[in-house]
Each structure stands twice: as structure tokens, then as C-alpha cells.
Amino acid sequence: MAPQEQIRWCNAFLSGMALSKVLQTMFDPLRDVVFSIKDRQGRYVLISEACVKRCGLNCKEEAIGKTAFALFPKPMAERYCHQDERLFQTGKPLIDSLDLTVHNDGSTGWCLSTKQPLWDLTGAIVGLTCVSRDLIEPSRARMIDNVFADTIDHIREHFMEKLLVPDLAQRASLSEAQFERRMKRIFQLSAGQYLMKVRIDAATRLLQHSEESISGIAYQVGFFDQSLMSRAFRRVTGMTPGQYRRIFRDFLTLQKI
């Protein structure tokens, strides 16, 4: 088959497919992957089954035609909309954005999100696809060797201290490049992202279950400055620590009613 014939055959094959059914067949069985398609106005065109459960919906149809503001707390929805608008304006995809998600029951979870533009036949961007993969902490048994595992334990136990990637790599008996590659392979995060994740995790627990001031929490989890923690927290959640604390407590209040 000649190249031009191959292209025509491929296009004809794809144009005759029920795309939504294909995508649902692909993504619905994946419990740790949230898939969605939005139009240029941010309205959901298609969502996967995991998104239904994540947002506390009864069925997919409840999300169709709605925006993120109908499914997520306002600060999170604003973050997602800003991401979408940058993509629509630049045409550049968002790759592996580290996000902290607040679930409909008030619990939190981490994910890596990738957003890609969708074009029509004229080349105009008409929407986007989003794939968010839950980050699942691997067990110690999967951490390659004891020295590397001990280094990860050291990060978890001493995250409130000043930790530098070169020092962590040396502790793991690896070069800095080798250490970063192994972090990516095991955690799907760079060493810096992983350290930030551990610190933000600790901050969310204190925000949920203590009356400690935000400046006090920042110091306890290793940021040493409230503004540094607030910027990092907002970067991965779209909300300030104070907003997160209020949202979590609102969830608890609703559960008691």
C-alpha cells in the first residue's frame, strides 16, 4: 500500500469509529486514571468512570455540559481553568503536572495530570483531553535496593530539615543523574517534586487535624516561611492553606448533618 493510500485508509477507518465508545472502553476499567474531554468553554464532553466516583456523581451524564466549577471546590476549579486557558492560548500541552486533589469526601490524593489540545479538521483548537493518573506510593520491597530505600526513609523522617538533592544522591550511593532517574522510574516524580509532596502531605494532615497556625505548620514541615509554603501549596492545589483548612472542615460539617 502506497503512503497516500495508507493515510486515506487510516482516516477512513477512524472516521467510521464510534470514538466515545472506544475511549470509554479504554479508560473506564482504569480505576486510578481519570480521563475527560472538554470544549473551549471548559464544558465536559466526556468523562471516564473514575471521574464519576472521584466527583461523587451518580452517572457520567451529570457532568456533561458542566464546567469544573460544578464538580470541584472553587479554588481547584479556578486552577484547572487557568491551566486550560494557557493551553488554549499557546497550543502547548501540559505534561505531568503534580496536583493535590480534594475528593468529594474531604480526603486528598496526588495525581500527575497531562492535558493535550484537540484540533478540528481545519487545525483550530476546539477542546482538550485530560488524563490524570493517581500516584500510589510503592512499597519498600519495590525500591530496588536497601541503600536507596533507606534514603527514601530518610526523606520521610527528616523532610522538615534542609535536604539537598546532591546530598540525597550521595546517601543513596548514586550520582545525581542516577538518583533522579531512579526517582522518576519508581515514583514518577523528580527528587524535588517528591520532597515537596512529602512536605505538602504533612501540611495537609496538620491543617486537617490541628489548630496550629499556618506559619507554625510551615516551619514544622520544612518550609521555614509561611509565604513559601503558601505558594507551594497553591501551586499544587489551586488554593491557599487557609482555604484548604476551611474546605476540609466544611466537608466534616456536612458529614455530621
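Structure first, text after, so check above.
Reading the values: rules and limits
Position labels on residues start from 1 in each chain and follow its written sequence. Since the coordinates come from a predicted model, pLDDT governs what is reported: local features require at least 70, and pairs of side-chain atoms require 80 or more to be given and counted, while whole-chain, interface and lining totals use all residues. As a convention, hydrogens and water are excluded, and side-chain values are obtained from all of the structure's heavy atoms. The pocket and cavity definitions rest on a 1 Å grid over protein atoms only: a 1.4 Å probe that fits but cannot leave marks a cavity, an open set with protein on both sides within 12 Å along at least five of seven lines marks a pocket, and residues lining either have an atom within 4 Å of a point. Grid points are joined across faces, edges and corners, and a volume is the space filled by probe spheres set on the points. Each helix is a run of DSSP H or I of at least 4 residues and each strand a run of E of at least 2, with the numbering of both proceeding from the N terminus. Each residue gets one label: Ala, Val, Leu, Ile, Met, Phe, Trp, Tyr, Cys and Pro are nonpolar, Asp, Glu, Lys and Arg are charged, and the others, such as Gly, are polar. Sulfur atoms of two cysteines make up a disulfide when they are within 2.5 Å. When a residue's accessible area, from a 1.4 Å probe over protein chains only, is under 20% of the maximum for its type it is buried; when over 50% it is exposed; and in between it is partly exposed. Whenever Lys or Arg places a side-chain nitrogen within 4 Å of a carboxyl oxygen from Asp or Glu, that contact is recorded as a salt bridge. In this analysis, strands are considered paired if DSSP registers two or more bridges between them. Joining through side-chain atoms within 4.5 Å is the link that ties buried Ala, Val, Leu, Ile, Met, Phe, Trp, Tyr and Cys residues into a set, and such a set is a nonpolar core. Any two residues whose heavy atoms approach within 4.5 Å are treated as being in contact. All axes are obtained by fitting lines to C-alpha atoms, using only the stretch in contact for helices, and the reported angles, taken between N-to-C directions, cover 0 to 180 degrees.

Chemist: Tell me about the layout of surface pockets, residues and numbers included.
Modeler: Each pocket or cavity is described by its volume, and for the largest pocket that value is around 200 Å³. Lining the largest pocket are Leu-19, Leu-23, Phe-35, Ile-37, Val-45, Leu-118, Trp-119, Asp-120, Leu-121 and Thr-129. Elements that contribute at least two residues to the lining of the largest pocket include exactly helix H2 (19-27), strand S1 (33-39) and strand S4 (108-119). Broken down by class, the residue content of the lining of the largest pocket amounts to eight nonpolar, one polar and one charged.

Chemist: An account of the state of the cysteines is requested, with residue identities and associated values reported.
Modeler: For the coordinates displayed, the defined rule picks out zero disulfides. Unpaired in this structure, Cys-55 has its nearest cysteine sulfur neighbour in Cys-51, at a distance of 4.1 Å. For Cys-55, a relative accessible area of 10% puts it in the buried group. Unpaired in terms of disulfides, Cys-81 finds its nearest cysteine sulfur in Cys-130, a separation of 12 Å. With a relative accessible area of 28%, Cys-81 lands in the partly exposed category.

Chemist: How would you explain the pattern of salt bridges if you had to name every residue and give the values?
Modeler: Counted by the stated rule, this structure contains ten salt bridges. The partner of Asp-99 in a salt bridge is Arg-79, and the shortest N-O contact between them spans 2.1 Å. In this pair, Asp-99 sits in strand S3 (residues 94-102) while Arg-79 sits in helix H4 (residues 74-90), placing the two residues 20 residues apart along the sequence. Arg-79 carries the same exposure label as Asp-99, and that label is buried. Members of the salt-bridge network, linked through shared partners, are Lys-38, Asp-84 and Lys-115.

Chemist: Could you give an account of the pairing of strand S5 (residues 125-134), with specific residues and numbers?
Modeler: As paired strands, S1 and S5 are joined by seven bridges and run antiparallel to one another. For Ser-36, the partnering residue across the bridge sits in S5 and is Cys-130. By the bridge criterion, nine bridges tie S4 to S5 in an arrangement that is antiparallel. Residue pairing in the sheet places Thr-114 in a bridge with Val-131 of S5. The antiparallel hairpin formed by S4 and S5 contains five residues in its connecting segment, where Gly-123 sits at a positive phi of about 95°.

Chemist: Please set out the nonpolar core residue by residue, giving values where relevant.
Modeler: Phe-148, Phe-179 and Ile-200 are the most contacted members of the largest nonpolar core, which has 59 residues in total. Per-element tally for this core: the top contributor is helix H8 (residues 191-209), with nine residues. Apart from residues no more than four positions distant in its own chain, Ile-200 is found in contact with Leu-100, Trp-110, Phe-223, Ala-232, Phe-233 and Val-236.

Chemist: Any details on the side chain of Thr-129? Residues and values, ideally.
Modeler: Relative to the elements of secondary structure, Thr-129 occurs in strand S5. Using a relative accessible area of 16% as the deciding quantity, one classes Thr-129 as buried. Contacts of Thr-129, omitting those with residues within four sequence positions, involve Phe-35, Ser-36, Ile-37, Thr-114, Lys-115, Gln-116 and Leu-118.

Chemist: Tell me what's going on with the sheet that holds strand S2 (residues 44-47), and back it up with residues and numbers.
Modeler: Spatial ordering of the open sheet is given by S2-S1-S5-S4-S3, a layout of five strands whose pairing is antiparallel. Every interior strand has two partners, whereas the edge strands, S2 and S3, have only one. Each strand of the sheet is rotated relative to its neighbour by a mean of 25°, with strand direction disregarded. Bridge count for S1 against S2 is three bridges, and the pairing is antiparallel. When the sheet's bridge partners are listed, Ile-37 is paired in S2 with Leu-46. Lying on the sheet, H2 is in contact with S1, S2 and S5; it crosses S1 at an angle near 155°. On the sheet, H8 packs against S3 and S4 and is oriented at approximately 20° with respect to S3.

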